[in-house]
Amino acid sequence: MSTYVIVGGVAGGATAAARLRRRDESAEIIIIERGPYVSFANCGLPYHIGEVIPERDALLVSTPEKLRGEFAIDVRTQQEVVHIDRQARKLSVRDLRSGETYRLGYDKLILSPGAKPSIPPIPGADLEGVHTLRSIPDMDAIKARVDSGEVQSAVVVGGGFIGLEMAENLVERGVSVAVVEMLPQVMAVLDFEMAAMLHRELRDAGVRLALGDGLKEIRRTEKGRLEVVLSSGRTAEADIVILAIGVRPESDLAKAADLALGPRGHIVVNETMQTSDPDIYAVGDAIQVMNPITGQPTAIPLAGPANRQARIAADHITGLANAYQGTIGTAIVKVFGLTAATTGLNSQALKGAGIAFATSITHSSDHVGYYPGATPQTIKLLYAPGDGRLLGAQVVGHNAVDRTIDALATALKAGMTVYDLEHLELAYAPPYGAAKDPVNIAGFVASNALRGDTRLAEWHEIRDLDPERQGLLDVRSDAEWMLGRIPEAIHIPNTELRERMSELSRDKEWIVYCAVGRRAYVMERMLRQKGYQVRNLSGGWTTYSVATEAQDNFERCACEPVKEPAATPVLVETGSGAIEKPIAAAADQTADLQLNACGLQCPGPIMAVHKKLQGMEQGQVLEVLASDPGFRRDVAAWCEGTGNTLLTLDQSNGAIRALVRKTATQPQIKLTDEGGPAKGKTIVVFSSDLDRALASFIIANGAAAMGQPVTMFFTFWGLNVLRRKDPARVDKSLVERMFGWMLPKGAEALKLSKLNMGGMGTWMMKRVIKSKRIDSLPTLIASARESGVRLVACQMTMDMMGIQVEELIDGVEVGGVATYISETDKGNASLFI
Ligand code: FAD
């Protein structure tokens, strides 16, 4: 009869013991476990603290009694193996209750001692109230503090799996939480733009995020609370601090026994899980494994690998040939309403391993839009630029992320390419997926990129664009453009681009974008076939906007979850005026019309609202139901931007319900505090002198900043302010061409009305403007456009001088005197410059 001893009785240890018994009925099997429990669900610990798993006993997957009764396993808890005598094949075991030590012989030994939480070497890490989470007693200690009601606020140090799960579960318990992370992002296994979606979700849930900031010290305040001091000098007071900065292998025992260890202290094993001593096996968090993608050793502390390795060790001990195939690192985490998952390597790991890669980002619905409850899912693929072999994948979304990552993990493990993803036959019926599954779509886009059908630009490249050689083209609708845009972009909706293509310089490379990349792809194909150099922004505005917004919100002191509608104040109409009230106060409002936008993806719901409201009477209320999570933000921003009133906004079971009262006469005109139409300003720009043009735009920007609608009417010489520097070629008569040569071409070519001195005075004035950091005329024009100032070019002047619309800068409307007069009617001041 053989004696098998296992050190550690949780994930790897308990699995190995059960497998050994199934394969060898005659053996003596002994588990030595330091803690009071065996075979418990460490992965469930945060959720019991959050009371999502209300029953503590549910975490005890098995007990010593059950293991003894069902498997005849001798389980010895609260005993610690303190020494391995490899020569004699004997262990020294200390009974932690009695303090006595005894010797225990083995034929085969399995080490599954796991990993312990890292404790940073900083002052105060050992203060009472500072916790780590690994075991049931750790969980009990944290939960008891929260249950006592004495924990109002918490600082979680570390934005990895355990840190984020703790943050969410503490918020579930009504605790105000700050997460501190030394890296610029949470979840280091994700690429930045994917993690940025989690940042947004955390902020929306009321979590304060300190990113790129390390923990320097924890100290006790005079009032007895804890104060966390960060490297930047920022501080936060808390009633509890959770340290979740990572784990270190429990390999001291193996080290003392002279077993081979890797560079970071992990136990080295072969593919049958044998250590450098063939009678000693090791599994789980304490070992290093092979990463099949890099061919290099790595350490990936996850429960799935620990369980599979345990099975292989037991198989090998009992004579079954089975080999571990390595760990690719498939993992998943829930962060409030989002789920993030990864498999394979991320960009940083691929760069570190010196592996060339390309990427693609796609946003798809988790199931068909026409079936209720569809939500977006973002997939990032990382693949070999040569043969398209899948190297890594990341998925962030609301639903079915597990299904998507599992398909991708299986494909990656099988050595598939992105071309193979195009052909995967995945289950589909309307409640579950789409005939073109998100995985297929990710495969289509990556394959298109490899075949050259599309050329992708990544969001971070936008920062470094050279305006001389490159331009940004936004092909989204007007409503989407109004909700947000890349500042340097020009806007030509996809439905107009075929007619307005000549507005684009052929000398530039154009980076075209839409919301997610689909419309932009169609425009990219069209433009390329017309001879333009063009690339498509990978992931579109959706990815760019989330990756470039402010990520760190630690300075915010009172963090109210966005998910609580009552906390968000909006303007609620009362009789003649408008007052600020919590939106929940208007919850009893009834609707005149209903719009079901469920299943529509951004910008679908907003476009539908826009259209519906156009056909409604002033004062009528529209009830909108939507499932796109982005609609929460969009509808609030859209109402604010258009002057309509958001009466209520709430969310339950993934469905967003908004009540919108039509209060805007025109989309761009806002209401004043009194509820009446705003007092507009009109400015006739007659002159093309630099000083006068500057003055007119300074006034226009000022009025716009005060929420007043502004219309600028450019006539005669003033029209030159709006001319492009390098216009597309247009047909002209000789006289028209001569006018074109003689008159200044645009804002940068204007001269001073006085003291021009052959250009010297204008040059000096521009230097003064720059040195005093005053906005230049082109900047003022751009600001005016961004603020919604209407720039109207006089039709009559254009006809007279032979100037065509293609020669004017973007965003200019062409209008006659009627346009100008109708605007003056709405305003209270008109200037002639
Ligand atoms: P453990 O399961 O940690 O077991 C090791 C045991 O060995 C410990 O109980 C320890 O007391 C005992 N031991 C150590 N030294 C000795 C000794 N000398 N003598 C006697 N006993 C000893 N993984 C996932 O894949 N998904 C998740 O969602 C997930 N969530 C997690 C949440 C939390 C809070 C934690 C702590 C971990 C989570 N993990 C998750 C990680 C997962 O639990 C581990 O990868 C897995 O438990 C590792 O198994 P193991 O057998 O190597 O170590």
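## A look at the site of the ligand
So, step 1. Around the ligand, the structure places 28 residues, and the nearest of them are Gly-12, Glu-33, Ser-112, Asp-285 and Ala-303.
So, step 2. Contact between the ligand and Gly-12: an oxygen atom at 2.8 Å from a main-chain N or O atom of the residue.
So, step 3. Note that a nitrogen atom of the ligand is positioned 3.1 Å from one of the backbone N or O atoms of Arg-34.
So, step 4. Relative to its unbound accessible surface of 990 Å², the ligand loses 87% to contact with the protein.
So, step 5. Broken down by secondary-structure element, the contributors of at least two residues to the shell around the ligand are helix H1 (11–23), strand S2 (28–33), strand S4 (79–85) and helix H8 (303–317).
So, step 6. A per-element tally of the shell around the ligand places S4 first, with 3 residues.

## A short note on the sheet that holds strand S13 (residues 215–220)
So, step 1. Judged by pairing direction, the sheet is antiparallel, and its 3 strands sit side by side in the order S13-S14-S15 without closing on themselves. A single partner strand is all that each edge strand has here, and the edge strands are S13 and strand S15 (235–238). Averaged over all pairs of adjacent strands, the angle between strand axes in this sheet comes to 20 degrees, irrespective of strand direction.
So, step 2. Pairing of strand S14 (residues 226–230) with S15, which is carried by 4 bridges, proceeds in the antiparallel orientation. Directly across from Val-229, in S15, lies its bridge partner Thr-235.

## Here we look at the pattern of salt bridges
So, step 1. Tallying each qualifying case throughout the model produces 46 salt bridges.
So, step 2. Here Asp-191 makes a salt bridge to Lys-380, at a shortest N to O gap of 2.7 Å. A residue pair is termed long-range when its members are at least 10 positions apart, and Asp-191 in the loop between strand S11 (176–181) and helix H6 (192–204) and Lys-380 in strand S25 (residues 376–383) qualify at 189 residues.
So, step 3. Across the salt bridge formed by Arg-234 and Asp-213, the nearest N and O atoms sit 3.1 Å from each other.

## Brief notes about the sheet that holds strand S29 (residues 490–491)
So, step 1. Strand order in this open sheet of 5 strands is S27-S31-S30-S28-S29, and the pairing throughout is parallel. Each of the sheet's edge strands pairs with one partner strand only, and the pair in question is strand S27 (456–457) and S29.
So, step 2. Where strand S28 (residues 470–474) lies against strand S30 (residues 509–513), 5 bridges are found, and the strand directions are parallel. Its bridge partner being in S30, Leu-472 is matched across the sheet by Ile-511.
So, step 3. Contacts between helix H15 (residues 518–529) and the sheet are confined to S28, S30 and strand S31 (533–537), with S31 contributing the most and set at about 170 degrees to the helix.

## Considerations on the packing of helix H17 (residues 604–614) against helix H18 (residues 631–642)
So, step 1. Between H17 and H18, the shortest axis-to-axis distance is 10 Å and the interhelical angle comes to 35 degrees. For the crossing formed where H17 meets H18, the hand is right-handed. For the pair formed by H17 and H18, the contact residues are Pro-605, Ile-606, Val-609, His-610 and Leu-613 on the first element and Phe-631, Asp-634, Val-635 and Trp-638 on the second.
So, step 2. Residues that form the contact of H17 with H18 fall into these classes: 7 nonpolar, 1 polar and 1 charged.

## Some details on a nonpolar patch on the surface
So, step 1. On the surface, Leu-755, Met-757, Met-760, Trp-763 and Met-764 cluster together into a nonpolar patch covering about 590 Å² of accessible area.
So, step 2. Among the structural elements, Leu-755 can be located in the loop between helix H20 (734–742) and helix H21 (760–771).

## A closer look at unusual backbone geometry
So, step 1. Notably, Gln-78 is not glycine yet its phi reads approximately 50 degrees, a positive angle.
So, step 2. One can find Gln-78 in the loop between strand S3 (74–77) and S4.
So, step 3. For Gln-78, a relative accessible area of 28% corresponds to the partly exposed category.

## A word on the confidence of the model for the protein
So, step 1. Per-residue confidence for the protein gives a mean pLDDT of 90; residues scoring 70 or more make up 94%.
So, step 2. Here residues 667–677 is modelled with pLDDT under 50, and outside its nearest four sequence neighbours on either side it reaches 24 contacts, counting other chains as well.

## Structural notes on the nonpolar core
So, step 1. With 47 residues, the main nonpolar core has Ile-84, Leu-109, Ile-110, Leu-111 and Met-273 as its most contacted residues.
So, step 2. At 5 residues, the largest contribution of residues to this core is made by H8.
So, step 3. Setting aside its immediate chain neighbours within four residues, Met-273 contacts Ile-280, Tyr-281, Ala-282, Val-283, Ile-287, Gln-309, Ile-312, Ala-313 and Tyr-324.
So, step 4. Core analysis: the next-biggest nonpolar cluster, separate from the first, contains 43 residues, Ile-49, Val-156, Ala-167 and Val-396 among them.

## Quick word on the pairing of S31
So, step 1. The element S31 is extensively covered by neighbouring structure, given that 4 of its 5 residues are classed as buried.
So, step 2. Alignment of S27 against S31, held across 2 bridges, turns out to be parallel. Bridging from a neighbouring strand, Leu-456 pairs with Asn-536 of S31.
So, step 3. Of the pairings in the sheet, the one linking S30 to S31 comprises 4 bridges and is parallel in character. Its bridge partner lying in S31, Ile-511 is registered against Arg-535.
So, step 4. Taken together, S30, H15 and S31 form a β-α-β motif whose crossover is right-handed.

## Details of the packing of aromatic side chains
So, step 1. Taken as a whole and assessed by the stated rule, the structure comprises 6 aromatic pairs.
So, step 2. Here Phe-716 and Trp-717 contribute two aromatic rings whose centre-to-centre distance is 6.3 Å and whose plane-to-plane angle is 70 degrees, an arrangement assigned as edge-to-face.
So, step 3. The exposure class assigned to Phe-716 is partly exposed, which follows from its relative accessible area of 28%.
So, step 4. The class of Trp-717 is partly exposed, set by a relative accessible area of 37%.
So, step 5. Within the aromatic cluster, the residues linked to one another by ring pairs are Phe-686, Phe-716, Trp-717 and Phe-832.
So, step 6. The positively charged end of Arg-208 is found above the aromatic ring belonging to Phe-554, 4.4 Å away from the centroid.
So, step 7. Over the face of the ring belonging to Trp-481 we find Arg-485, whose NZ or CZ atom lies 4.6 Å from the ring centre.

The rules behind these values
- Residues numbered from 1 in each chain as written.
- Predicted model: local features only at pLDDT ≥ 70, side-chain atom pairs only at ≥ 80, totals over all residues.
- Heavy atoms only, no water.
- Near = heavy atom within 4 Å.
- Polar contact = N/O pair within 3.5 Å; in protein donor to acceptor, adjacent residues only side chain to side chain.
- Areas by Shrake-Rupley, 256 points an atom, 1.4 Å probe, with all protein chains shown as cover.
- Helix = DSSP H or I, 4+ residues; strand = E, 2+ residues; numbered from the N terminus.
- Pairing = 2+ DSSP bridges.
- Axes fitted to C-alpha atoms, helices over the stretch in contact; angles between N-to-C directions.
- Salt bridge = Lys/Arg side-chain N within 4 Å of Asp/Glu carboxyl O.
- Contact = heavy atoms within 4.5 Å.
- Left-handed = near helix turned anticlockwise from the far one by under 90°.
- Nonpolar A, V, L, I, M, F, W, Y, C, P; charged D, E, K, R; others polar.
- Patch = residues over 30% accessible without salt bridge, like charges linked within 9 Å, V, L, I, M, F, W, Y side chains within 5 Å.
- Buried < 20%, exposed > 50% of the residue type's maximum accessible area, 1.4 Å probe, protein only.
- pLDDT = per-residue confidence, 0-100.
- Core = buried A, V, L, I, M, F, W, Y, C linked by side-chain atoms within 4.5 Å.
- Right-handed = clockwise from strand over helix to strand, strands pointing away.
- Phe/Tyr/Trp six-rings, centres within 6.5 Å; stacked < 30°, edge-to-face > 60°.
- Lys NZ or Arg CZ within 6 Å of the ring centre and 35° of its normal.

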